[in-house]
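# A structural walkthrough
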Amino acid sequence: MSEPALSMDLPAESSAASTSAAAGDLPVVPLAHSASGRVSGKAWKVPKSATVRSHLPEGVKTKKWEERMEKTKKEQAMKKLQAELKQDKKDDIKRRRDITLERKKAAEERQRLEEAKAKMGARKAARLRRRMGRTKKINQ
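All of the points below concern the structure found in this document.

## Side note on the overall build of the chain
- Broken down by element type, the chain carries five helices and zero strands.
- Of the regular secondary structure in the chain, the N- to C-terminal order runs α-α-α-α-α.
- For the chain, the proportion of its 140 residues judged to be buried stands at 0%.
- Per element, the accessible surface of the chain, about 14100 Å² overall, is 58% carbon and sulfur.

Below is the structure:
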């Protein structure tokens, strides 16, 4: 029973000296504090930093936000102008098509009226002939 008492009586200085000699005189790395104030306790762990995004285009990396927004606004204005021009062109084509259809309908109506007039003229002439006592047999 005396053996465990002996192991407890070892001085603290001898245990500290043996661990530093066993470590092989490695350089001590100071721990960096994180944003929250905690320290990881692991000397090999490097502090985290923002991700480097190399796949982003150069314009996004280098240009300022205002410059990009100006460019975007210019592009939107150009698209809007193009859409307006396209709509104007469509409207012009539709207007010309409507005018052509109106003219065609008017011409068909005139033709129909002329045919009706000719038919009415023929009927009136037939009526007059009948009044005079002539028939188809006599006129032939």
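## Here we look at the pattern of salt bridges
- Under the criterion given, the structure shown has four salt bridges.
- Notably, a salt bridge pairs Asp98 with Lys94, separated by 3.4 Å at the nearest N-O pair. Here Asp98 pairs with Lys94, and both are found in helix H4 (residues 65-132), just four residues apart, close to one helical turn.
- A salt bridge links Arg112 to Glu109; its shortest N-O distance comes to 2.6 Å. In this pair, Arg112 and Glu109 are both assigned in helix H4, three residues apart and thus about one turn of the helix distant.
- By relative accessible area, Glu109 is classed as partly exposed at 37%.
- Ionic contacts of the salt-bridge type, sharing partners, join the residues Asp92, Arg95 and Arg96 into one network.

## With respect to a positive patch on the surface
- Together, Lys124, Arg127, Arg129, Arg130 and Arg131 make up a positively charged patch on the protein surface.
- Mapped onto the fold, Arg129 is located in helix H4.

Basis of the calculations
- Residues numbered from 1 in each chain as written.
- Predicted model: local features only at pLDDT ≥ 70, side-chain atom pairs only at ≥ 80, totals over all residues.
- Heavy atoms only, no water.
- Helix = DSSP H or I, 4+ residues; strand = E, 2+ residues; numbered from the N terminus.
- Buried < 20%, exposed > 50% of the residue type's maximum accessible area, 1.4 Å probe, protein only.
- Areas by Shrake-Rupley, 256 points an atom, 1.4 Å probe, with all protein chains shown as cover.
- Salt bridge = Lys/Arg side-chain N within 4 Å of Asp/Glu carboxyl O.
- Patch = residues over 30% accessible without salt bridge, like charges linked within 9 Å, V, L, I, M, F, W, Y side chains within 5 Å.
- Lys, Arg positive; Asp, Glu negative; His and termini not counted.
- Charge placed at Lys NZ, Arg CZ, Asp CG, Glu CD.

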